[in-house]
Amino acid sequence: MTSERPQLSRETLLVHGSSRSDQRTGALVPPLVLSATYAHGNQEKLAYSRDRNPTWELLEAAVAQLEGAAGAVAFASGMAGISAALELLPMGGEVVVAQDAYTGTRDLLSHLSSTGRLRARRVDATAPAALEEIGGAEMVWLESMGNPLLSVPDLRAWAAAAHRRGAILLVDNTLATPLLCRPLELGADLVAHSASKHLGGHSDLMLGVVAGQDPELISRLRQHRTRQGGCPGQMEAWLALRGMRTLAVRLSRQCQTADFLARELTGTPRVKEVHYPGLATHPQHRLAEEQLEGGFGALLALELEVEAEAAERVCTSTRIWTNATSLGSVESLLERRGRWAGEEYLPPGLLRLSCGIENREDLLEDLGRALAQVGAGPLA
Ligand SMILES: Cc1ncc(COP(=O)(O)O)c(C=O)c1O
């Protein structure tokens, strides 16, 4: 009698997905292949490491498996992957992009628009009317969770609208990770990650990955990488594989902490609004409940009724939270987002918090003390 083997959960795949490789030695940890070149005639048909490398290939296979993709291509950074994905557009092609997409993506789109390479149109991706605005665009560019206000676009509806118009949908899934959201299952064509964030998880590497269902798109991304040379470092790919083995436990704790802080900070003095998709007050809370699985993410935004200078003072007076940009790592980070070019539209007192894996009561106490200095928060 044969029995069907049950499909493994993503938590299990994260631990074991990349460690089957070395059956010859029995090593539990996948090998780090640093070699830049390979002797001709090898069984794997490897030739040169700007084209292919076994350590990247393990990472690509692991991300593809988690995202439910046919293939994935790793890049030197999230931005290198984003640039490669935009290269899929024809000369002068058009992309419809979420207005709160990552600043680096918006900056690149402005640059490419200024050179005539492509045209970019920004829309409020949470507004149902925006679905009618795809027009003749070849690509729609969304994030599974916008940043820093954690907007949640309806990916299924966008995929259907994009396909009706003959456009492809790309979703940057960096903030949600494939544990919380799987855009390809909802109809997206491509998924992009800055693996420098949650996947790596330790603030010690720069890496990007783009995954998708269509082998032709994947092959074009791979060719682009070989031609342009935006390939990942072998060590970074190996570190990402190591980081991913603990992604499920890290992320689960980070989500719990973010949820805890969001609730503890809501309604406290001079906290005008806490932006977190897990709160019933979040404008897309219902959709987030449907579209996200196992948590609402590790980020929250705190809108303080204080001036920029006071908000900066909060950021520089914490002991545990570090005043730094980035997200998704084991250590908790906070910053005033309005300090960045392109984010001036945000309220001056808006802080973005990326929860790490420290004790949540310590985090609350540390933040509470810093907030109290400007008359805000639970200790004010
Ligand atoms: C959502 C998102 N996508 C892409 C990137 C770019 O990734 P990288 O910094 O690895 O180039 C970032 C970086 O902050 C990001 O937050």
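Residues numbered from 1 in each chain as written. Predicted model: local features only at pLDDT ≥ 70, side-chain atom pairs only at ≥ 80, totals over all residues. Heavy atoms only, no water.

### What to know about the domain arrangement of the chain
When its domains are assigned, the chain resolves into domain 1 (10-244) and domain 2 (247-372). Facing the 34 residues of domain 1 at the interface are 37 residues of domain 2. Carbon and sulfur atoms supply 61% of the area buried between domain 1 and domain 2, which totals about 2,900 Å² over both sides. Scanning the region where domain 1 abuts domain 2 turns up 2 salt bridges. (Domains from an automatic or database assignment. Contact = heavy atoms within 4.5 Å. Buried area = accessible area lost by both parts, 1.4 Å probe. Salt bridge = Lys/Arg side-chain N within 4 Å of Asp/Glu carboxyl O.)

### A few points about the sheet that holds strand S5 (residues 168-172)
The 7 strands are arranged S1-S7-S6-S5-S4-S2-S3 in an open sheet whose pairing can be described as mixed. Of all the strands in the sheet, the pair left with one neighbour each is strand S1 (71-75) and strand S3 (118-123). Adjacent strand axes in the sheet meet at a mean angle of 20° when their direction is disregarded. Direction of pairing for S1 relative to strand S7 (residues 208-212): antiparallel, over a ladder of 5 bridges. Pairing of glycine 71 across the sheet is with glycine 212, part of S7. Contacting S3, strand S4 (139-143) and S5, helix H5 (residues 155-164) crosses the sheet at an angle of about 150° to S5. (Pairing = 2+ DSSP bridges. Helix = DSSP H or I, 4+ residues; strand = E, 2+ residues; numbered from the N terminus. Axes fitted to C-alpha atoms, helices over the stretch in contact; angles between N-to-C directions.)

### Side note on the pairing of strand S2 (residues 93-98)
Both faces of the sheet carry side chains from a regular strand, because those side chains alternate between them. With 6 of 6 residues buried, S2 is to be regarded as a mostly interior element. By the alternation rule, side chains of S2 split into Gly93, Val95 and Val97 and Glu94, Val96 and Ala98, which are all buried. In this structure, S2 lies alongside S3, joined through 6 bridges in parallel fashion. Residue alanine 98 lies in a different strand from S3, and its bridge partner there is valine 123. Both S2 and S4 contribute to a ladder of 3 bridges, which runs parallel. Bridging across to S4, valine 96 finds its partner in valine 140. (Buried < 20%, exposed > 50% of the residue type's maximum accessible area, 1.4 Å probe, protein only.)

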